[in-house]
Amino acid sequence: MRIGFPADQALGDQTSHGRADVARDRPTGARARPDRYGGRKPILVGTGVCTLATALCAVAPSLGTLTGLRFVMGFSGAAGVVVGRAVVSDLASGTAAARIFGMLMALGGVAPIVAPLVGGVVVEGPGGWRAVFWVLTGASVLMFLTSLFLVPESLPADRRHTDGVGGTVKAAASVLTDRSYLGYTLAFCFASATLFCYISASPFLLQNVLNFTVGEASVAFSVGALTATLSSAAAARLVERYPPRFLLRVGWVLLLVSSALALLITVAGQLSRVWALGLVADGFLGLGQVFTTATALALERVSYAAGTGSAVLGALQSALGAAVAPLMGIAGGHTVVPLFLGMTLCALIAVLGLLLTRHGDAATAT
């Protein structure tokens, strides 16, 4: 893709192929949530700054300026992710929280399906890549107005931490020493890392190994994202009949078994379109269950510091995504052994998280 900054084109050609950008472009800043300031103010400030930064991206005069503005855009946009989770934890718990998180995950899953399709149409239009940022500016304005008029304050003043940095550090220490919280967070974050593995290596799998055309690969990728979305939506209903911990374990088993089986079939040289797409779909079914239940269970453990808990969860998720993404191309673009090996290892590490929750929940019960 021609970026339009002649002096920076060589750099642009390099960065446009960096799969780690998938993870790094996720919001990793604005993690200090409003356990001190409430929920409404950080959301308004974050979405307001994000809107301004997005508009400035559309008129950026150089690649360096665009990169800096993209950082500000992601940093400020993180407020919606972090505070949104914390607001749910402020207002609901248990099954109710899991149901809401399931709906949020389902709605969030629409983005990977719609965004590439819409972005592809917009970037091919007369406005080029700058038009993409104008579309994003419009979406950011909509988020700001929604927050301004529809999002109430969820954390009353008498429940906020008012003792400054010391209180924040104390809350963080309390969160990080809760074994069950850490366990659910690890389960969520390493499950998310399997998704980053797939996102980063999907061109290798779909185009180089399975020989799909670009259009067919886009459809296959969208179907996978849709599977995870539908699974999250189903989890929002299933928590009314089954305990969230049970659904979390079912999701983890689906994710681990499908990843490990895909790895074995790949190493044996028997990977076909049917096997690959079927096993990826099974893994995405498990992801939807894990995302919904692990988030609710983690934040329920630290409801007294939901913002801090949400910040830690989001920061670790993004850090792991940035770490695993570049590893997917370590063996070249014509093998997917790193993809399924990475997914399998991440799913296995999530087991340690589940073991922590067992010991942590038992300790709490006693």
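So, here is what we can say about the structure in this document. (Residues numbered from 1 in each chain as written. Predicted model: local features only at pLDDT ≥ 70, side-chain atom pairs only at ≥ 80, totals over all residues. Heavy atoms only, no water.)

Taking 1.5 Å per residue, 19 residues should reach 27 Å; helix H3 (residues 40-58) reaches 28 Å between its end C-alpha atoms and fits that length. Among all positions of H3, only Pro42, Ile43, Leu44, Gly46, Thr47, Cys50, Thr51, Ala53, Thr54, Ala55, Cys57 and Ala58 are buried. Contacts from the buried residues of H3 go to helix H4 (63-91) and helix H7 (128-150). (Helix = DSSP H or I, 4+ residues; strand = E, 2+ residues; numbered from the N terminus. Expected span 1.5 Å × (residues − 1). Buried < 20%, exposed > 50% of the residue type's maximum accessible area, 1.4 Å probe, protein only. Contact = heavy atoms within 4.5 Å.)

Quick look at unusual backbone geometry now. Among all residues save glycine, negative phi is the norm, and among peptide bonds the norm is trans. With a phi angle near 60°, Asn211 is a residue other than glycine that sits in the positive phi range. For Asn211, a relative accessible area of 55% corresponds to the exposed category.

On to the environment of Ala235. Secondary-structure assignment places Ala235 in helix H10 (residues 214-238). Distance from Ala235 to Gly102, taken between C-alpha atoms, is 5.9 Å for residues 133 residues apart in sequence.

With their axes 14 Å apart at the nearest point, H4 and H7 run at an angle of 20° to one another. On the basis of their axis angle, the class for H4 and H7 is roughly parallel. Helix-helix and strand crossings are classified by hand; for H4 and H7 the assignment is left-handed. Where H4 abuts H7, its residues Leu66, Arg70 and Met73 lie against Trp129, Phe133 and Leu136. Looking at the contact of H4 with H7 residue by residue, the classes come out as five nonpolar, no polar and one charged. (Axes fitted to C-alpha atoms, helices over the stretch in contact; angles between N-to-C directions. Parallel < 35°, antiparallel > 145°, perpendicular 65-115°, else oblique. Left-handed = near helix turned anticlockwise from the far one by under 90°. Nonpolar A, V, L, I, M, F, W, Y, C, P; charged D, E, K, R; others polar.)

The next point concerns the pattern of salt bridges. A complete count under the given rule lists two salt bridges for this structure. The partner of Arg99 in a salt bridge is Glu240, and the shortest N-O contact between them spans 3.7 Å. Linking Arg99 in helix H5 (residues 94-108) with Glu240 in the loop between H10 and helix H11 (244-267), this pair joins segments that are 141 residues apart in sequence. Residue Arg99 is classed as partly exposed on the basis of its relative accessible area of 28%. (Salt bridge = Lys/Arg side-chain N within 4 Å of Asp/Glu carboxyl O.)

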